[in-house]
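Coordinate inspection notes
The lines below spell out each chain.
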Amino acid sequence: MDERIQRKVEKLEQHCQKEAKEFAKKVQELQKSNQVAFQHFQELDEHISYVATKVCHLGDQLEGVNTPRQRAVEAQKLMKYFNEFLDGELKSDVFTNSEKIKEAADIIQKLHLIAQELPFDRFSEVKSKIASKYHDLELQLIQEFTNAQRRGEISRMREVAAVLLHFKGPSVRNDIFEDTAILCQRVNKQVGDIFSSPETVLAKLIQNIFEVKLQSNVKDHLEEHRKSDAEQYLKNLYELYTRTTNLSSKLMEFNLGTDKQTFLSKLIKSIFISYLENYIEVEIGYLKSRSAMILQRYYDSKNHQKRSIGTGGIQDLKERIRQRTNLPLGPSIDTHGETFLSQEVVVNLLQETKQAFERCHRLSDHSDLPKNAFRIFSMLVEFLCIEHIDYALETGLAGIPSPDSKSANLYFLDVVHQANTIFHLFDKQFNDHLMPLIRTLNCMIGQMKHILAAEQKKTDFKPEDENSVLIQYTNACVKVCGYVRKQVEKIRKSMDGKNVDTVLMELGVRFHRLIYEHLQQYSYSCMGGMLAICDVAEYRKCAKDFKIPLVLQLFDTLHALCNLLVVAPDNLKQVCSGEQLANLDKNILHSFVQLRADYRSARLARHFS
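Treat the numbers as computed from the prediction; the structure is a model and nothing was measured.

**Description of the overall build of the protein**
If you tally the helices and strands in the protein, you get 22 helices and zero strands. Classification of the 609 residues of the protein by burial places 33% in the buried group. As displayed, the protein offers around 38,500 Å² of accessible surface, 52% of which is attributable to carbon and sulfur atoms.

**Regarding helix α12 (residues 343-363)**
For α12, with 21 residues, the first-to-last C-alpha span of 30 Å sits near the 30 Å given by 1.5 Å per residue. Listed in full, the buried residues belonging to α12 are V345, V346, L349, L350, E352, T353, A356, F357, R359, C360 and L363.

**Quick word on the packing of aromatic side chains**
This model, assessed by the stated rule, comprises nine aromatic pairs. Their ring planes at 65° and their centres at 5.4 Å tell us that F461 and Y522 sit as a pair that is edge-to-face. Pair noted here: F461 is in the loop between α15 (440-455) and α16 (475-494) and Y522 is in the loop between α17 (498-519) and α18 (526-544), with a separation of 61 residues, a long-range link. Just as F461 is buried, Y522 falls in that class too. Ring centres 6.0 Å apart and planes at 85° place the aromatic pair F511 and Y539 in the edge-to-face group. On the criterion of sequence distance, the pair formed by F511 in helix α17 and Y539 in helix α18 is long-range, its members being 28 residues apart. Of the two residues examined, F511 and Y539, each falls in the buried class.

**Some remarks on helix α8 (residues 230-251)**
Given a rise of 1.5 Å per residue, 22 residues ought to cover 32 Å, and the 31 Å separating the end C-alpha atoms of α8 matches this to within 8%. Of the positions making up α8, those classed as buried are Y233, L234, N236, L237, L240, Y241, T242, T244, T245, L247, S248 and L251. Here the buried face of α8 lies against α6 (176-194), α7 (198-223), α9 (260-276), α10 (279-301) and α12.

**What to know about the nonpolar core**
One finds I206, F210 and L384 to be the most contacted residues of the largest nonpolar core, which totals 90 residues. Per-element tally for this core: the top contributor is helix α13 (residues 369-398), with 12 residues. Excluding residues within four positions of it along the chain, F210 makes contact with Q215, T244, L247, L251, L267, I268 and I271. Membership of the second largest hydrophobic core comes to 52 residues, among which are V500, L561, V567 and V593.

**Here's the deal with a nonpolar patch on the surface**
On the surface, M1, I5 and V9 cluster together to form a nonpolar patch covering roughly 310 Å² of accessible area. Along the chain, M1 turns up in the segment before α1 (2-87). The class of M1 is exposed, set by a relative accessible area of 70%.

**Observations regarding the side chain of T244**
With respect to the element layout, T244 can be found in helix α8. For T244, the side chain forms a polar contact with the main-chain oxygen of L240, separated by 2.6 Å. Not counting the four nearest positions on each side in its chain, T244 is found in contact with F177, F210, I268 and F272.

**Remarks on the environment of F254**
With respect to the secondary-structure elements, F254 resides in the loop between α8 and α9. Separated by 51 residues in sequence, F254 and A203 have C-alpha atoms that sit 9.1 Å apart. Aside from chain neighbours lying at most four places away, what touches F254 is C184, Q185, N188, L202 and K260.

**Some details on unusual backbone geometry**
Notably, N303 is not glycine yet its phi reads approximately 55°, a positive angle. Turning to its location among the elements, N303 is positioned in the loop between α10 and α11 (313-325). The exposed category is assigned to N303, whose relative accessible area is 74%. Not every positive phi belongs to a glycine, and K547 is a case in point at roughly 60°.

**A closer look at the environment of M530**
Within the secondary structure layout, M530 lies in helix α18. On the basis of relative accessible area, M530 is assigned to the partly exposed category, the value being 38%.

**Here's the deal with the side chain of S591**
Secondary-structure assignment places S591 in helix α21 (residues 586-593). On the basis of relative accessible area, S591 is assigned to the buried category, the value being 18%. Reaching out from S591, the side chain makes a polar contact with the side chain of Q520 at a distance of 3.3 Å. Ignoring anything within four residues of it in the chain, the contact list for S591 reads Y516 and Q520.

**Focus: the packing of α16 against α17**
Two elements in contact, α16 and α17, have axes whose closest approach is 10 Å; the angle formed by their N-to-C orientations is 165°. Taken together, the axes of α16 and α17 are roughly antiparallel relative to one another. Where α16 crosses over α17, the two elements pack in a sense that is right-handed. Note on element contacts: α17 touches α16 through V500, V503, L504, L507 and F511, opposite V480, V484, V488, I491 and R492. Of the residues in the contact of α16 with α17, the class split is nine nonpolar, no polar and one charged.

**Some remarks on the pattern of salt bridges**
For the coordinates displayed, the defined rule picks out 17 salt bridges. Residue E74 pairs with K110 through a salt bridge whose shortest N-O separation is 2.9 Å. Residue E74 is located in helix α1, and its partner K110 is located in helix α3 (residues 101-116); the two are separated by 36 residues in the primary sequence. You can call E74 partly exposed: its relative accessible area is 32%. Taking relative accessible area as the criterion, K110 reaches 30% and is therefore assigned partly exposed. A salt bridge links D368 to K371; the shortest N-O distance between them is 3.5 Å. When salt bridges with common partners are traced through the structure, they connect E74, D106 and K110 into a single cluster.

**Remarks on the packing of α6 against α8**
α8 packs onto α6 with a crossing angle of 10° between their chain directions and a minimal axis gap of 10 Å. What the angle tells us is that α6 and α8 run roughly parallel. Contact residues: α6 offers F177, E178, T180, A181 and C184, while α8 offers L240, R243, T244, L247, K250 and L251.

**Here's the deal with the environment of F272**
By secondary structure assignment, the location of F272 is in helix α9. You can call F272 buried: its relative accessible area is 0%. C-alpha of F272 to C-alpha of T244: the two residues are 28 residues apart in sequence and 9.9 Å apart in space. Filtering out sequence-adjacent residues up to four positions away, F272 remains in contact with V218, L237, L240, Y241 and T244.

Criteria and cut-off values
- Residues numbered from 1 in each chain as written.
- Predicted model: local features only at pLDDT ≥ 70, side-chain atom pairs only at ≥ 80, totals over all residues.
- Heavy atoms only, no water.
- Helix = DSSP H or I, 4+ residues; strand = E, 2+ residues; numbered from the N terminus.
- Buried < 20%, exposed > 50% of the residue type's maximum accessible area, 1.4 Å probe, protein only.
- Areas by Shrake-Rupley, 256 points an atom, 1.4 Å probe, with all protein chains shown as cover.
- Expected span 1.5 Å × (residues − 1).
- Phe/Tyr/Trp six-rings, centres within 6.5 Å; stacked < 30°, edge-to-face > 60°.
- Contact = heavy atoms within 4.5 Å.
- Core = buried A, V, L, I, M, F, W, Y, C linked by side-chain atoms within 4.5 Å.
- Patch = residues over 30% accessible without salt bridge, like charges linked within 9 Å, V, L, I, M, F, W, Y side chains within 5 Å.
- Salt bridge = Lys/Arg side-chain N within 4 Å of Asp/Glu carboxyl O.
- Polar contact = N/O pair within 3.5 Å; in protein donor to acceptor, adjacent residues only side chain to side chain.
- Axes fitted to C-alpha atoms, helices over the stretch in contact; angles between N-to-C directions.
- Parallel < 35°, antiparallel > 145°, perpendicular 65-115°, else oblique.
- Left-handed = near helix turned anticlockwise from the far one by under 90°.
- Nonpolar A, V, L, I, M, F, W, Y, C, P; charged D, E, K, R; others polar.

Here is the structure:
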């Protein structure tokens, strides 16, 4: 039986091998057929592409011939209609048939544009006739719109409104911003009474005002001075952008759809984007040239040619050697009592910088504001501190008589006195105008807020299954601590001396306030309270990196407050009277106890009362 089965197996294996060979042969034949078919498809595709290219080329040629032909026909028609105005008699059916008011409106708009380009002395009469017909048609369309409104024919109103849209409308006064606000206020109620979707209609009106009237007005005022007068260009840009944003604020009171803030912001951006992109370069260029001119004008008035005076370590070394040995190691300068300091110059430089700061605050993108403000401040340091104050001090030093000199005119003390007065003015502007613009700490706190809002979940502190919590601290805590440590490291690398402690003190206090307020947004179960304690412990570790005693003390107190989230009700009074919490206001303690999920239980309320 084994031999029979073995022979049967061998026969089946042979049969299987034979079929496998035949199947492999068939597959090879199919692959060859597939390759041939693919080649045919490729050739067909190439042929189709060739034909398509030819068709496109032919279409381009036809369009190239047809477009000039259509323009020529259009121009011929306009010339014919223009001749009628020139002759003083309108014979064409389009002007005499009231049913063709739409076609007449299209023609008169084109003729009106052409007429504006014609010289007034030769074509004053025909220009007047075209303008008269233009306004007549506009009035007819307005009347037609009114009639359709009375009849309740919404479709006709839309049709007429679409034609009226291309007319310029009544001439506006010089103040387009006031006119726009008044116009929108006036038509808002009418639009609401007439249209089923008034917000869309009003938004379209505002869009057209911005994209046509405002954009043209901005371009006219800015392009005129863009390359020739940087001062006037910057003033105009600041004023126009300010008035446009103020207008946008007024328009926010109207219903313009769901996201009117984004809608109006896009309209403003479309008008000013090309001017704001390189604003700071124009500002810095103007400030540099203006500051240089103010200084040069002052030194010219004194008939003084500025000279290069050495500063730094070598100069100090020379001075020490000269004082100890009485050797004349440098040229002595006779200043004749002149301090080479001017409060008028300083006031002018500070005023120019103040205006630049104001423009920077208004025209800079939020993310670029700190670095742009710093560039302006650097210009002030260069021209006021280095080119004026430092130069005067160095010149005054060089004018100090040698110890054996018979002259006793110590004018250098006058220089010191004036320099000190001037520097106080500089310091005031630094605090008043630069510091509010450089919001690095605000940005850091804002970034921490964003991390907490994105990463912290309500279930972190009130898990569904109290026994399944395995983490030591929440993901939000890990990310915030990582971010804070990086910022502390950056601050230490970027500053030195007491500046480091001052900045870290401010950042640490704000960091504590952020976490304190963040924790008060949640309700805590027993296990959730434990997680909150673990999170605050991590925040406290992070606070140690600040090396500021006050910051660490704040987080120690916060850690003690978090114990109120988990302590047994019977022990609440004891914990509240502990060393770290005894001096805190009772309302603060109560606010943390209220965060407990079991706060409303009679037992807890009784123990804490």
